[in-house]
Amino acid sequence: MGFRLPRIVNAKRILRASTPLGRDVSKGYFAVYVGENQKRFVIPVSHLNNPLFQDLLSLSEEEFGYDHPSGGLRIPCGEDVFVDLTSRLNGL
């Protein structure tokens, strides 16, 4: 059994970098921006522990990095793919 400590550390860094300033986000959630139109989704922090979501975050880091002036985390996939993934994660 191996540990995924680097991914957990990266997830915490992502969460700190993606906290939107001046926007309403309840404790235990964070905002991401998805798709060409950058639609805003507020999702549970618990998704950061899921390997599928961590893979998506790795793609985000490669494409956009994590230092955004707006404070939002951009996810590089279509809205339909993101909604499908989060629906599956919410069902776990």
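Computed from a prediction, not measured in an experiment: that's the story for all the values here. (Residues numbered from 1 in each chain as written. Predicted model: local features only at pLDDT ≥ 70, side-chain atom pairs only at ≥ 80, totals over all residues. Heavy atoms only, no water.)

### Section: the overall build of the protein chain
Of the regular secondary structure elements, the protein chain holds 3 helices and 3 strands. Traced from its N-terminal end to its C-terminal end, the protein chain shows the element sequence α-β-β-α-β-α. By residue count, 36% of the 92 residues in the protein chain fall in the buried class. The contacts in the protein chain between residues at least 6 apart in sequence include a share of 50% that link residues at least 24 apart. (Helix = DSSP H or I, 4+ residues; strand = E, 2+ residues; numbered from the N terminus. Buried < 20%, exposed > 50% of the residue type's maximum accessible area, 1.4 Å probe, protein only. Contact = heavy atoms within 4.5 Å.)

### What to know about the packing of aromatic side chains
Within this structure, the stated rule accounts for 3 aromatic pairs. Judged by centre distance (6.4 Å) and plane angle (80 degrees), the ring pair of phenylalanine 30 and phenylalanine 53 falls under edge-to-face. Remark: phenylalanine 53 occurs in helix H2 (residues 51–64) and phenylalanine 30 occurs in strand S1 (residues 29–34); sequence separation between them is 23 residues. For the pair shown, phenylalanine 30 and phenylalanine 53 are each scored as buried. Counting every residue linked through ring pairs, the aromatic cluster contains Phe30, Phe41, Phe53 and Phe82. (Phe/Tyr/Trp six-rings, centres within 6.5 Å; stacked < 30°, edge-to-face > 60°.)

### A few points about the pattern of salt bridges
Applying the stated criterion across every chain yields a total of 1 salt bridge. In this structure, aspartate 84 engages arginine 88 in a salt bridge whose closest nitrogen and oxygen atoms are separated by 3.1 Å. Of this pair, aspartate 84 and arginine 88 are both found in helix H3 (residues 79–90), 4 residues apart, which corresponds to roughly one turn of the helix. Residue aspartate 84 is classed as partly exposed on the basis of its relative accessible area of 39%. Relative accessible area serves as the criterion here: at 57%, arginine 88 is assigned to the exposed category. (Salt bridge = Lys/Arg side-chain N within 4 Å of Asp/Glu carboxyl O.)

### Describing the nonpolar core
Most often, soluble globular proteins keep nonpolar side chains buried together rather than apart. One finds Val32, Phe53, Ile75 and Phe82 to be the most contacted residues of the largest nonpolar core, which totals 16 residues. Breaking this core down by element, the ones donating at least two residues are S1, strand S2 (39–44), H2, strand S3 (73–75) and H3. Setting aside anything within four residues of it in sequence, one finds phenylalanine 82 in contact with Val32, Val34, Phe41, Ile43, Phe53, Leu56, Ile75 and Cys77. (Core = buried A, V, L, I, M, F, W, Y, C linked by side-chain atoms within 4.5 Å.)

### Quick notes on the confidence of the model for the protein chain
Confidence in the prediction for the protein chain averages 78 pLDDT; 68% of positions are at 70 or higher. Across the protein chain, the secondary-structure element scoring lowest on mean pLDDT is helix H1 (residues 5–17), at 52, and the one scoring highest is S2, at 93. The low-confidence segment residues 1–5, where pLDDT is below 50, has 2 contacts with residues more than four positions distant or belonging to other chains. (pLDDT = per-residue confidence, 0-100.)

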